[in-house]
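# Close look at the chain arrangement
Read off the chains here:
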Amino acid sequence: MPILFDSEKRIFKLDTSTSSYVIQIFEQEYLAHLYYGAKIPDTNLSAFIFRSPFASFSPNNINIDDWRFSPDVCPLEYQGEGCGDFRISAVAIKNADGNNVTDMRYKSHKIYSGKPSIQGMPSLYLEDDSEASTLEILTEDSVTGIQAVLYYTVFEKLGAMTRSTKIVNPTDKTVDIEKVYSCSVDFVTHDYDLLTLYGKWGKERNLERRALAHGRQGVSSKRGSSSHFQNPFAALVDSDTTEDFGNAYGFNLIYSSNFAVDVEVDGYGGTRLLMGINPETFGWKLESGCSFSAPEAVMVYSANGIGDMSRTFHKLYAKHLVRGKWKNIKRPLLINNWEATGMDFDGDTIVSFAAKAKELGIEMLVMDDGWFGYRNDDRSSLGDWQVNEEKLGGTLANLIERINALGLKFGIWYEPEMISRDSNLYRAHPDWCLHVPNREKSIGRHQYVLDYSRQDVRDYIFNEMYKVLSVNKVDYLKWDFNRNLTEVGSAILPADRQKEVFHRYVLGTYEVMDRLTKAFPDMLIENCSGGGGRFDPAMLYYSPQIWTSDNTDPIERLMIQFGTSMCYPASTMGAHVSACRRTGYETKGNVALWGTFGYELNPNKYTEEDAELVRAQVAEYHKYYDVIHFGELYRLISPFDNAYRAAWMFVAEDKSEALVTSVVMREPYDKAFCLKLKGLDPEKYYRDEETGEIYSGALLMNAGLCLTWTDEHDGKSFKKYFKAI
Ligand code: GLA
C-alpha cells in the first residue's frame, strides 16, 4: 500500500514511485508536516518537527511540555486562525459567537484504495480503484465542533498526489467559512524559486521565475475565471533546478474561478505554500448538518527537473482528467471561420469554406460566432440561441446536410454564460445577469454575465442549447467566455450569502457543462475564453481541448505554448494555422502541430502552392499524431531563455520515434548550432528520415544534431523525424 500508518510513531507516509510525503500526529493531536520530497524508506522523521529556537513572541501550547514546540514555528499540515500560528492560515471560520478563531486537530483517519470524487466539482478520476490510494484525515475544532476532512490521494505510479478539503458542520449552529484552502504545505527551507504563469489577452502563460523573499508572495485571480493574467499553477524549485536537473514541486488547482496561490517565507526561513479558492472574494454560510468542499489541488514532485515535472502532469491529465469519447481517439482536423470572416458570413460562405477544406483534407468545419439571434457584430443577441435562418439561408439542419454531403463534420460556437444588453433574453429577464442593487453594471464587449448561480437561468440556457443540439448533427461545440465578472451579486440570494456568488457561479457552469457532456457524449467540446482565459484543469474535465490563445502568430505562440506546457499536455492545446502576418505557412504549421491542429483562415484565398503545403501538413498531422498526442514532450530551447531559437521534441513512450522542431525567432548570432536532443534511448540507433543518416541516441543527446548549415533566417523552422532502427 502506498499509504502507510505507523501507529507507534503515529506517522503517515504517502509514497509514490518517486516521492514521499510524511505527516505526524504530534502531541495534543496537532498534525505536523515532516517531509515532502524524493522517496525515502524511513519513518523515523520525528526530529523534523522542531525547526528553530523561538522567543516568547511565538506562543506555546500550555499542554505541551516541550520548549521546542510552538505552532508558530513548527511545520503544520493544515492550520487554523488565531491559535498561535501567525503564518497564513489554511482555514478560518467565523463561529456562531462571532470570532474566527479556528484550530483543527487530528481526530481519526481512513486509508483505502480508490479515490472519492468531489460533489459538483471536477477532480481527477480513476478507471480502476487499484490506480490510487486515499488517506482521509478527520480533524476537528474541539471548541466549536466544526470539522475539516483532509483528503490525500496518491497516484503511486505517476509521482503525483492530490489534496482537497471538506468542511463539515455537525453542530446545531450556522457558521461562516471565511477561507478554506485546498492544500497547505510547509517546507523547512526557503531556498526556492517560485515559477508562475502570467499573461494577458493574446499573451497567455508566460513563464516567470523569481527567488522567494521573506514575507508573503503569490498569484491569484478575482476575475471570476482562472484568467489570462495568472494561471492556477505554481512550482517551487531549488534555486539551481533546471529543465533537466533538480527538485521541482508543481501545484495546479482544478478550479476555474477565483484562486490564490499564497507563499510565505517566515522569520525562521521556512516556506508555506497554500493553494485554493481566493479568500478575498469568498465566504460561505455553512448551516447545521451541511458540508462545503474545496476544489482539488494536484501536486507533482520531480527530482529530475522542470521538464520531468511537466511530463508527469501531462500523463496524469491525459489519463485521469480528460474524459469521454475523445480522450484516446483521434480528433477531427478542423477549420474555423472566425479569423477569416468574423460575423460577416452566410450559409454559402460557410459551405464554400467546407468545399475547399475538403479538397485540402480537412475533416470538420466549425461555424464560429454570429449564427444566432440577429447577431452581426458583438453588440447583440447573446442569450438568444435561436438559429438565424435568414443569415444561413435555411435551417441549421440544411446547412449541416450540405457540409456533411461534402464529407465534413460540423461544429458550432456558443457563449452560454453571457447575455447581451441588446437581446430578447435581457429584455425579458433583466434580473438574470449578475448585478447588485442600485449600482450600474459594468459592461464588457457589450455583454453582461448570466447569473449561473441560479437554477432557473441554467435550466433555460441548457434547454435552449438542447433544442438546437438535439435535432441537429453537431459534432463539436466551442464553449466561449468573453468577459470577466463584475458587480457579482445574485437577485435571489439573501444579503448574507452574496459572498457565495462567485463560487456558486462556477458550480453552476460545471453543472451545465456536465449536463451537456452527458446529453451529448459524442460531441467534442473545445473550451475558450477570448483564447486562453480559462485554460485550467477544471475546464479540461469537460472539454479535452482548449483554445490556447486568440494570438495565432507562430512566434508569439512559442511563448504561449512553452508556458502552457508547464502542466498541460499537447493534446489539450488548441492550435491553428492562420493568415497572421509573420512567417510562412511552413512555420505556422510546425508550431500548430504542437497542439490539436487546425486552420483558421479563408481557404479560398490559398494559391495552388499554399494548397500543396496544406495537403502536406494534413498528411503530417496524421503521421505525427500519435507521437505528439501520446508521446512525451521535451523542451530543448526555451524562448524565455533564448532570444534566437526555440526547440522542442516529442518522443514516443517506447522511444521508437521522435519528432524534433526548431523555430528561428531572430536570425541567430551564433551560426554553429548543435541541438542536443533529449529523452531518446542512448542504446538505440535512430534514422533521420530526411537524410537517411543513422545516429545513436547517445550521440544525439550528447554531441547533438549538427545543424550548422540549416537555413536559419527569421521565422524559418524545421522538423526532424527520427525512427529507431
Ligand atoms: C473569442 C474567441 C474567438 C472567437 C470570438 C467570437 O474571442 O477566442 O476565437 O470565437 O470570441 O466572438
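Predicted model, so just to flag it, every value in this text is computed and none were measured.

Thresholds applied
Residues numbered from 1 in each chain as written. Predicted model: local features only at pLDDT ≥ 70, side-chain atom pairs only at ≥ 80, totals over all residues. Heavy atoms only, no water. Helix = DSSP H or I, 4+ residues; strand = E, 2+ residues; numbered from the N terminus. Rg over C-alpha atoms; globule rule 2.2 N^0.38 Å. Buried < 20%, exposed > 50% of the residue type's maximum accessible area, 1.4 Å probe, protein only. Contact = heavy atoms within 4.5 Å. Areas by Shrake-Rupley, 256 points an atom, 1.4 Å probe, with all protein chains shown as cover. Core = buried A, V, L, I, M, F, W, Y, C linked by side-chain atoms within 4.5 Å. Polar contact = N/O pair within 3.5 Å; in protein donor to acceptor, adjacent residues only side chain to side chain. Phe/Tyr/Trp six-rings, centres within 6.5 Å; stacked < 30°, edge-to-face > 60°. Near = heavy atom within 4 Å. Nonpolar A, V, L, I, M, F, W, Y, C, P; charged D, E, K, R; others polar. Expected span 1.5 Å × (residues − 1). Pairing = 2+ DSSP bridges. Domains from an automatic or database assignment. Buried area = accessible area lost by both parts, 1.4 Å probe. Salt bridge = Lys/Arg side-chain N within 4 Å of Asp/Glu carboxyl O. Patch = residues over 30% accessible without salt bridge, like charges linked within 9 Å, V, L, I, M, F, W, Y side chains within 5 Å. Axes fitted to C-alpha atoms, helices over the stretch in contact; angles between N-to-C directions.

## Examining the overall build of the protein chain
Along the protein chain, the regular secondary structure elements total 13 helices and 39 strands. Over its C-alpha atoms the protein chain spans a radius of gyration of 27 Å, differing by no more than 12% from the 27 Å that the globule rule assigns to 725 residues. Dimensions of the protein chain along its principal axes, counting C-alpha atoms only, are 85 × 70 × 45 Å. When burial is assessed residue by residue, the protein chain has 63% of its 725 residues classed as buried. Residue pairs in contact within the protein chain that sit at least 24 positions apart in sequence constitute 67% of those at least 6 positions apart. Roughly 26,600 Å² of accessible area belongs to the protein chain as shown, and the carbon and sulfur atoms make up 49% of that amount.

## Describing the nonpolar core
In terms of nonpolar packing, the biggest core is built from 186 residues, with L14, M367, W371, L469, L516 and Y599 touching the most fellow members. Leaving out residues up to four positions away in the same chain, Y599 has contacts with L333, L334, I335, N336, I362, H576, V577, Y606, V614, Q617 and V618. Within the second largest apolar cluster, 18 residues are counted, among which are Y634, L680, L700 and F722.

## Details of the environment of D128
Looking at the secondary structure, you find D128 in the loop between β6 (105-113) and β7 (133-140). When the C-alpha positions of D128 and K285 are compared, they lie 36 Å apart, and in sequence the two are 157 residues distant. A distance of 2.8 Å separates the side chain of D128 from the backbone nitrogen of S130, its partner in a polar contact.

## A few points about the packing of aromatic side chains
Per the stated rule, a full pass over the model turns up 44 aromatic pairs. Between W284 and F292, the aromatic rings sit 4.8 Å apart at their centres with planes inclined by 55 degrees, giving tilted as the arrangement. Grouping residues by exposure puts W284 and F292 together as buried. Ring centres 5.7 Å apart and planes at 25 degrees place the aromatic pair F597 and Y621 in the stacked group. With a gap of 24 residues between them, F597 in the loop between α11 (585-592) and β31 (598-600) and Y621 in helix α12 (residues 608-630) connect regions that are remote in the sequence. Overall, the relative accessible area of 1% leaves F597 in the buried class. Using a relative accessible area of 2% as the deciding quantity, one classes Y621 as buried.

## Some thoughts on the site of the ligand
As a matter of local geometry, the ligand sits amid 13 residues, with D368, D369, R445, K478 and D550 nearest to it. At 2.7 Å, a side-chain N or O of D368 approaches an oxygen atom of the ligand. Here an oxygen atom of the ligand sits 3.0 Å away from a polar atom, N or O, in the side chain of W413. Contact with the protein chains hides 96% of the accessible area of the ligand, taken as 300 Å² for the molecule alone. Here the residues of the shell around the ligand sort into four nonpolar, three polar and six charged.

## Details of helix α1 (residues 305-320)
Helix length check: α1 (16 residues) gives 23 Å between terminal C-alpha atoms against 22 Å at 1.5 Å per residue, within 8%. Within α1, twelve of the 16 residues are buried, which leaves it mostly tucked inside the rest of the structure.

## Comments concerning the sheet that holds strand β21 (residues 334-336)
A sheet is described by the order of its strands in space; here nine strands give the open sequence β29-β28-β27-β26-β23-β22-β21-β31-β30, paired in parallel fashion. Both edges of this open sheet fall to β29 (573-574) and β30 (577-578), since each of them pairs with a single strand only. By the bridge criterion, four bridges tie strand β22 (residues 364-367) to strand β23 (residues 409-414) in an arrangement that is parallel. Its bridge partner lying in β23, L365 is registered against F410.

## Quick word on the domain arrangement of the protein chain
By the assigned domains, the protein chain splits into domain 1 (3-320), domain 2 (329-417 + 455-479 + 517-631) and domain 3 (635-724). Listed by partner, the interface residues are 30 residues for domain 1 and 27 residues for domain 2. Of the roughly 2,200 Å² buried at the junction of domain 1 and domain 2 (both faces included), carbon and sulfur atoms supply 56%. Between the two partners, domain 1 and domain 2, sit one salt bridge.

## Details of the pairing of β22
Where burial is concerned, the two faces of β22 agree: the one with M364 and V366 and the one with L365 and M367 are both buried. Sheet topology places β21 next to β22; three bridges connect them, and they run parallel. Each residue of the ladder has a partner; that of I335, found in β22, is L365.

## What to know about a nonpolar patch on the surface
Together, Y685, I694 and I725 make up a nonpolar patch on the protein surface, roughly 310 Å² of accessible area in all. Among the secondary structure elements, I694 is positioned in strand β37 (residues 694-696).

## Details of the sheet that holds strand β1 (residues 3-6)
The four strands lie next to each other as β1-β2-β3-β4, forming an open sheet whose pairing is antiparallel. Since the sheet does not close on itself, it has two edges, and those belong to β1 and β4 (31-38), each with one partner. Going across the sheet, the axis of each strand differs from the next one's by a mean of 15 degrees, ignoring polarity.

## Overview of the side chain of S638
Its place among the elements puts S638 in the loop between β32 (632-637) and β33 (645-651). Residue classification places S638 among the buried positions, given a relative accessible area of 16%. Excluding residues within four positions of it along the chain, S638 makes contact with F562 and R645.

## Observations regarding unusual backbone geometry
With a phi angle near 55 degrees, R10 is a residue other than glycine that sits in the positive phi range. Relative to the helices and strands, R10 is located in the loop between β1 and β2 (11-15). Taking the relative accessible area as the measure of exposure, R10 reaches 28% and is therefore partly exposed. One non-glycine residue, S381, lies in the positive phi region at around 80 degrees. Here S381 shows up in the loop between β22 and α4 (389-392). S381 sits in the buried class, given a relative accessible area of 0%.

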